[in-house]
Amino acid sequence: MFKDVFPDRPSALKEIFGKEKIVIGMIHCQPLPGSPFYEGNFRKTLDAAVEEARTYVENGIDGLQIENAWDLPFPNPRDISFETVAGLTAVAMEIRSKFDIPIGVNMLANGVVPAMAVASVSGLLWVRCNQWANAYVANEGFVEGPSAKALRYRSFLKSDHIRVFADVHVKHGSHAITADRSVEEQALDNVFFAADVLIATGERTGDETSSGEIRTIKKVSKLPVIVGSGTSENNIARILSECEGAIAGTHLKVDDKWWNPVDAKKVRSLMKIVEQIRGE
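Every value quoted in this text rests on a predicted model; they were computed, and no experiment measured them.

Visitor: Is there a simple way to think about helix α9 (residues 264-278) in this case?
Guide: One turn of an α-helix holds 3.6 residues; hence residues three or four places apart share an orientation. With 15 residues, α9 should reach 21 Å at 1.5 Å per residue; the first-to-last C-alpha distance of 21 Å fits that figure. Buried residues of α9: Lys266, Val267, Leu270, Met271, Val274 and Arg278, and no others. Buried residues of α9 fall within an arc of 115 degrees about the axis and therefore sit on the same side. Projecting away from the buried face of α9 at angles above 90 degrees are the exposed residues Lys265 and Gln276. Put simply, Asp263 is the residue that caps the front of α9, since its side-chain oxygen is 3.0 Å from the backbone nitrogen of Lys265. Taken from the residues just after α9, Gly279 is the one with a positive phi, measuring 75 degrees.

Below, the structure is given as structure tokens:
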């Protein structure tokens, strides 16, 4: 049963991709400057990201999402520094210069405001936000929803074209703070705070997202819903029968390890299924 808490808007997925039932490939960037595993060779990080992008694009992916996945352990949003913004911007600019495909960015952990800067300068089309409204206790500590600050900063940047893809019930954390609010209510909170796309996820990176989680979110909102973890060629048909798209990464890598190279055969196999579903 849909609940109206914000005026209806056009589908951000259709605006960005020209269609729904889409798959976005995750680019898990190697360490950026300033992070513990960075070895001082940014060209290596840049080239690896471009190679991941090329494998995805050449095998039919619909879009790309850049993420500073190797900046472990991730800082709290208030501690994200200039070199991370500079590094992700350089990666984004390099990939944008080589591939004509929709691209977004996720700055870990929950660095939505600096991600807006990356997206604005680089011409990216969305930012992923792991906690858009309310708050939770993450691996990185206490994390608050940045929606008010992020949307004002987007306006300041004159970049209203940047869309917000918001996790409803983010992985890698405890939800004790919002334990009295159902997933349905948390979905509505994201709608009320002007998210554009809602994301359903599993508990950890690579965990399959349950049908129950997807249906719960779809039940209360008219916004597009996509899956944010655990997508593979084995479950993509089920996922696209239940929602509008998916972000795929871990299970499209060699040996299902997020830190390995993208497996071209897996991407092609998954996208053939997607194309059949879309009737292409």
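Now that the structure has been shown, the text picks up again.
Visitor: Looking at this model, I keep getting lost on the packing of aromatic side chains. Mind explaining?
Guide: Centre distance and the angle of the planes are the two values used to describe a pair of aromatic rings. Scanning all chains against the criterion turns up seven aromatic pairs. Here a set of aromatic residues connected by ring pairs shows up, and it is made of Phe37, Trp70, Trp258 and Trp259.

Visitor: Explanation requested: helix α4 (residues 112-122) in the structure shown.
Guide: By the burial criterion, the buried members of α4 are Val112, Ala115, Met116, Ala117, Val118, Ala119 and Ser122. Among the structural elements, α3 (82-98), β3 (103-106), β4 (126-129), α5 (147-156) and β7 (163-167) are those in contact with the buried residues of α4. Phi for Gly123, located one or two positions after α4, is positive at around 75 degrees.

Visitor: Looking at this structure, how should I read the environment of Asp160?
Guide: Within the secondary structure, Asp160 sits in the loop between α5 and β7. Separated by 76 residues in sequence, Asp160 and Ile236 place their C-alpha atoms 31 Å apart. Contacts of Asp160, omitting those with residues within four sequence positions, involve Arg154 and Ser155.

Rules used throughout
Residues numbered from 1 in each chain as written. Predicted model: local features only at pLDDT ≥ 70, side-chain atom pairs only at ≥ 80, totals over all residues. Heavy atoms only, no water. Helix = DSSP H or I, 4+ residues; strand = E, 2+ residues; numbered from the N terminus. Expected span 1.5 Å × (residues − 1). Buried < 20%, exposed > 50% of the residue type's maximum accessible area, 1.4 Å probe, protein only. Arc of directions from axis to C-beta. Polar contact = N/O pair within 3.5 Å; in protein donor to acceptor, adjacent residues only side chain to side chain. Phe/Tyr/Trp six-rings, centres within 6.5 Å; stacked < 30°, edge-to-face > 60°. Contact = heavy atoms within 4.5 Å.

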